[in-house]
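# Reading the structure
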Amino acid sequence: MKITIDREALVQSVQDVMKAVSPRTTIPILTGIKITATPQGVTLTGSDSDISIESFIPTEDEDKVLVEIAETGSIVLQARFFSEIVKKLPEKTVEIEVQPNFLTVIRSGKAEFSLNGLDAEEYPRLPQIEEENVFEIPTDLLKTIIRQTVFAVSVSETRPILTGVNWRIEDEELICTATDSHRLALRKAKVETENHQSHNVVIPGKSLNELSKILDDSNAPVKIVITANQILFKTKRLLFFSRLLDGNYPETSRLIPTDSKTDIIVNAKEFLQAIDRASLLAREGRNNVVKLTTLSDGIIEISSVSPEIGKVTEEIQSESIEGEELKISFSAKYMMDALKALDGTDIKISFTGAMRPFLLRPLHSDSMLQLILPVRTY
């Protein structure tokens, strides 16, 4: 293999595939990046067997030559060293040449590195996915959906299925649910599927986080292909494979209350800032609990007491309070996460009592909700 390649394009591709390379893998060759040169361009691959990312650099793009292929071929290079080297090379182009015994020479300007490579034939094959069930989501919407749900997945491995986000597709609608059993985030979006397909899969939260970092902020479509144990996200230049979690996701719809005893409408930003201030003292304690009390004339009191440090009280004016009086305590962190996920100026919070889960929703949209379990403070 012998190629000359645009350094900027190479650095970008290396950064993308590095997100799938884990230094702690039981398969030594997976600490490397596989580089394959064909007449069409260069493909880089990184994998940790849960996530695999493939990035393609075409020979030319918009009349700019990105790669010149003198000789096709493939090689696996140590990801850590290769990524550091390409970032620091002096010139705009990089020459990569594989010599006998997989010794790989990387030249740029007057700098020359030799790296011991590995046989690309030994690199695990990426899953071959039949693209029969394909649907598309604009990139920016996909990133929003991930941001509004993935924070609520469980970080504990006691119930592995809860470390993922449940994606259900029914009747041209995608319903994404994440819960760690103390809170729940739900987001719906319309999707167009071929022949009204339906799916019910659980995607690891870690995979979605990494995918979100790689995607740009365009509204170009991302193609999504779901199989029995893999999901593939496909953009113009990128293939992102993730394995799916095994097992059945719990039925969460019955957790969501349908009636409420107290409804509050507040400005999300003001409310978030008040919770943030109240949590300043609560953070020290291991509980981080904030208390909300409804007062007359639409006033809400937010307070927090930390016996060793002191206490904080703040009153904020709501748009409206309807229903019974209420005192309720909850985790400030969960409330702040939920408020950050709700893109809305005004939100409605519906309570069904001091010990029952409560709901947060944007006032003018039913595509999203957040559910939080209160905390017992007595």
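Throughout what follows, the structure given in this document is the object of discussion.

About the cut-offs
- Residues numbered from 1 in each chain as written.
- Predicted model: local features only at pLDDT ≥ 70, side-chain atom pairs only at ≥ 80, totals over all residues.
- Heavy atoms only, no water.
- Helix = DSSP H or I, 4+ residues; strand = E, 2+ residues; numbered from the N terminus.
- Buried < 20%, exposed > 50% of the residue type's maximum accessible area, 1.4 Å probe, protein only.
- Salt bridge = Lys/Arg side-chain N within 4 Å of Asp/Glu carboxyl O.
- Pairing = 2+ DSSP bridges.
- Axes fitted to C-alpha atoms, helices over the stretch in contact; angles between N-to-C directions.
- Parallel < 35°, antiparallel > 145°, perpendicular 65-115°, else oblique.
- Left-handed = near helix turned anticlockwise from the far one by under 90°.
- Contact = heavy atoms within 4.5 Å.
- Nonpolar A, V, L, I, M, F, W, Y, C, P; charged D, E, K, R; others polar.

## A few points about unusual backbone geometry
- Backbone geometry places E62, a non-glycine residue, at a positive phi of 50°.
- Among the structural elements, E62 can be located in the loop between β5 (60-61) and β6 (64-65).
- Within the chain, D297 stands out as a residue other than glycine whose phi angle is a positive 60°.
- By relative accessible area, which is 68% here, D297 ends up exposed.

## Considering the pattern of salt bridges
- On inspection of all chains with the given rule, the structure shows 18 salt bridges.
- Across the salt bridge formed by D337 and R183, the nearest N and O atoms sit 2.8 Å from each other. Residue D337 is found in helix α6 (residues 332-341), and its partner R183 is found in strand β15 (residues 183-190); the two are separated by 154 residues along the sequence. Here the two residues D337 and R183 agree in accessibility, since each one is buried.
- Shared partners join several salt bridges into a network, and the residues in it are E95, E97, R107 and E112.

## So, the sheet that holds strand β26 (residues 327-331)
- Read from one edge of the open sheet, 4 strands run β24-β23-β22-β26, paired in antiparallel fashion. The sheet terminates laterally at β24 (310-317) and β26, the two strands that pair on one side only. Averaged over all pairs of adjacent strands, the angle between strand axes in this sheet comes to 25°, irrespective of strand direction.
- Direction of pairing for strand β22 (residues 289-294) relative to strand β23 (residues 299-306): antiparallel, over a ladder of 4 bridges. Pairing of K291 across the sheet is with S303, part of β23.

## Brief notes about the packing of helix α1 (residues 7-18) against helix α2 (residues 79-88)
- Between α1 and α2, whose axes approach to 9 Å, the crossing angle comes to 150°. In terms of axis orientation, α1 runs roughly antiparallel to α2. Seen from above, α1 lies across α2 with left-handed handedness. Listed contacts from α2 to R7, L10, V11, V14 and M18 of α1 are A79, F82, S83, V86, K87 and K88.
- Here the residues of the contact of α1 with α2 sort into 7 nonpolar, 1 polar and 3 charged.

## Considerations on the sheet that holds strand β16 (residues 192-193)
- Read across the sheet, 9 strands follow the order β8-β2-β3-β4-β20-β19-β18-β12-β16 without closing on themselves; strand pairing throughout is antiparallel. Across the chains shown, the open sheet's two edge strands, defined by having one partner strand only, are β8 (73-78) and β16.
- Two strands pair when backbone bridges link them, and strand β3 (residues 41-47) and strand β4 (residues 51-58) are joined in this way by 7 bridges, in the antiparallel orientation. Residue pairing in the sheet places L44 in a bridge with S55 of β4.
- Across the sheet, α1 touches β2 (32-38), β3, β4 and β20 (238-243), and the angle it forms with β4 is around 170°.
- Here helix α3 (residues 139-149) sits on the sheet in contact with β12 (134-138), β18 (221-226) and β19 (230-234), set at roughly 85° to β12.

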